[in-house]
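# Summary of the model geometry
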Amino acid sequence: MATSLDVERLEREVKGVYRAVAETPGEEYHFEMGRELAERLGYPEADLDRVPADAVESFAGVGYHFDLAALEDDDDVLDLGSGSGMDVFVAALSVEDAGSVTGLDMTDEQLANARRLRDEAELERVSLEKGYIEDLPFEDESFDVVVSNGVINLSAEKERVFAETRRVLRPGGRLALSDIISETEMPDSIKTNADLWAACIGGAEQINAYTSMIETAGFDVLEVRENPQYEFVSEQAQGACQKYGVKSVSLGARKR
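Residues numbered from 1 in each chain as written. Predicted model: local features only at pLDDT ≥ 70, side-chain atom pairs only at ≥ 80, totals over all residues. Heavy atoms only, no water.

### Considerations on the overall build of the chain
Stated formally: Numbering of helices and strands runs from the N terminus, with a helix taken as a DSSP run of H or I at least four residues long and a strand as a DSSP run of E at least two residues long. Atoms counted for the radius of gyration: C-alpha only. Globule rule: 2.2 Å times residue count to the power 0.38. Relative accessibility decides the category of a residue: with a 1.4 Å probe and only protein chains considered, values under 20% of the type maximum give buried, values over 50% give exposed, and everything between is partly exposed. Contacts are assigned to residue pairs that have any heavy atoms within 4.5 Å of one another.
When helices and strands are tallied, the chain shows twelve helices and eight strands. For a compact globule of 256 residues, the expected C-alpha radius of gyration is about 18 Å, and the chain comes in at 17 Å, within 12% of that figure. Looking at the chain as a whole, 57% of its 256 residues qualify as buried. Considering only intrachain contacts with a sequence separation of at least 6, the fraction spanning at least 24 residues in the chain is 75%.

In structure tokens form, the structure reads like this:
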């Protein structure tokens, strides 16, 4: 973690951005949103047709990784930073009554929207909980699969996120995520700027350091692939892409 990053301000900035996304998804943000993005990233149209349209409209992920998750019908699945709930609802398409899907988010407005959509769709095996990805409010070995989309880069304590993820996974459990990384290490002037963290730039970890954190936490990284179809919108982000190789990747790993 960058030593002079104001973590409390970072949390306020991130909550502010995603509160706005929940309340006014049609506005312009520093990232793309919605169904067109989801389809370009690789979500099957048939899946998007079956989940609540409002969740798809507020989707702000950075990649597709459900092929890496390889969900089975009796899996218990956890989504870190579930936001609009789209990935939770997509996961629920693969999980039968024997399994469950849990979404975790720290933003009240996102949770309220996702819970409303869950109730309207009568998805009884879906739960949506408030909490932080650095301090998961779940018992040890509660889940078979953990997924996350464009969220871990926003954490100033990534090592703790991966340690907590391993803790709540059962033996042999799978981790499948999409996130923003960089090819080269970025300077402290970027890494200590809360505005740039909230814009999904400042928290982008150098890719080798990122995979090392996952391995150190007790995972075997099985696959890492780039997502060139994900494009940054803001000029700041585009500049960081060119200078530091900031990009989206999807990753699959298994608990040792």
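### A word on the side chain of Asp179
Applied cut-off: When charges are tallied, Lys and Arg are placed among the positive residues and Asp and Glu among the negative ones, while His and the ends of the chain are skipped. We define a salt bridge as a side-chain nitrogen of Lys or Arg found within 4 Å of a carboxyl oxygen belonging to Asp or Glu. For this analysis, a polar contact is any N or O atom pair within 3.5 Å, provided that within protein one partner can donate a hydrogen and the other can accept it, and provided that sequence-adjacent residues contribute only side-chain to side-chain pairs.
You can see Asp179 is positioned in strand 5 (residues 169–182). One buried charged side chain, Asp179, makes no salt bridge at all; its nearest oppositely charged neighbour is Lys158, positioned 6.6 Å away. Polar side-chain contacts of Asp179 include one of 2.8 Å to the side chain of Asn153. Excluding anything up to four places from it in sequence, Asp179 contacts Val62, Gly150, Val151, Ile152, Asn153, Tyr210, Lys247, Ser248 and Val249.

### Focus: a negative patch on the surface
Convention followed: Each patch is built from residues that are more than 30% exposed by relative accessible area and take part in no salt bridge. Like charges join if they lie within 9 Å; nonpolar side chains (Val, Leu, Ile, Met, Phe, Trp, Tyr) join within 5 Å. Method for areas: the Shrake-Rupley scheme with a 1.4 Å probe, in which residue coverage is limited to the protein chains shown. Charged side chains are reduced to one point each, which is NZ for Lys, CZ for Arg, CG for Asp and CD for Glu.
A contiguous patch of negative charge, built from Glu72, Asp73, Asp74, Glu96, Asp97, Glu122 and Glu124, is present on the exposed surface. Mapped onto the elements of the fold, Asp74 is located in the loop between helix 5 (66–69) and strand 1 (76–80). On the accessibility criterion, Asp74 (40% relative accessible area) is partly exposed.

### Some points on the environment of Asp195
Mapped onto the secondary structure, Asp195 falls in helix 10 (residues 194–198). Excluding anything up to four places from it in sequence, Asp195 contacts Arg9 and Glu13.

### Section: the pairing of strand 1
Cut-off, in case you're wondering: Between any two strands, at least two bridges found by DSSP are needed for them to pair. Call a crossover right-handed when, viewed with both strands pointing away from you, the route from the first strand across the helix to the second goes clockwise.
With five of five residues buried, strand 1 is to be regarded as a mostly interior element. On strand 1, burial covers both faces: Asp76, Leu78 and Leu80 on one face and Val77 and Asp79 on the other are all buried. As paired strands, strand 1 and strand 2 (residues 100–105) are joined by five bridges and run parallel to one another. Across the sheet, the residue bridging to Val77 is Val101, located in strand 2. In this view, the connection linking strand 1 to its parallel neighbour strand 2 by way of helix 6 (residues 86–92) has right-handed handedness. With four bridges joining them, strand 1 and strand 4 (residues 143–149) adopt parallel strand pairing. Each bridged residue has a counterpart across the sheet, and for Asp79 the counterpart in strand 4 is Val147.

### As for the nonpolar core
Rule in force here: What we call a nonpolar core is a set of buried Ala, Val, Leu, Ile, Met, Phe, Trp, Tyr and Cys residues that are connected through their side-chain atoms within 4.5 Å.
Tyr43 and Met86 are the most contacted members of the largest nonpolar core, which totals 61 residues. With near-sequence residues (within four places) excluded, Tyr43 lies in contact with Ala38, Leu48, Phe59, Gly63, Tyr64, Phe66, Met86, Asp87, Val90 and Asn149.

### Some points on helix 12 (residues 235–244)
The following threshold applies: The arc refers to the directions leading from the helix axis to the C-beta atoms.
Taken together, the buried positions of helix 12 are Ala237, Ala240 and Tyr244. For helix 12, the buried positions fall inside an angular range of 60 degrees around the axis, keeping them on one side. Set apart from the buried face of helix 12 by more than 90 degrees, the exposed residues are Glu235, Gln242 and Lys243. Elements in contact with the buried residues of helix 12: strand 5 and helix 9 (188–191).

### Some remarks on the side chain of Asp144
Mapping Asp144 onto the fold places it in strand 4. The class for Asp144 is buried, based on a relative accessible area of 17%. For Asp144, the side chain forms a polar contact with the side chain of Arg170, separated by 2.9 Å.

### A few points about unusual backbone geometry
Glycine aside, residues mostly have negative phi angles, and peptide bonds mostly take the trans form. The backbone of Glu122 shows a phi angle near 55 degrees, a positive value even though the residue is not glycine. Along the chain, Glu122 falls in the loop between helix 7 (108–121) and strand 3 (126–130). When its relative accessible area of 66% is taken as the criterion, Glu122 is described as exposed. Residue Glu141 is not a glycine yet carries a positive backbone phi of 55 degrees. Mapped onto the fold, Glu141 is located in the loop between strand 3 and strand 4. Residue Glu141 is classed as partly exposed on the basis of its relative accessible area, which comes to 43%.

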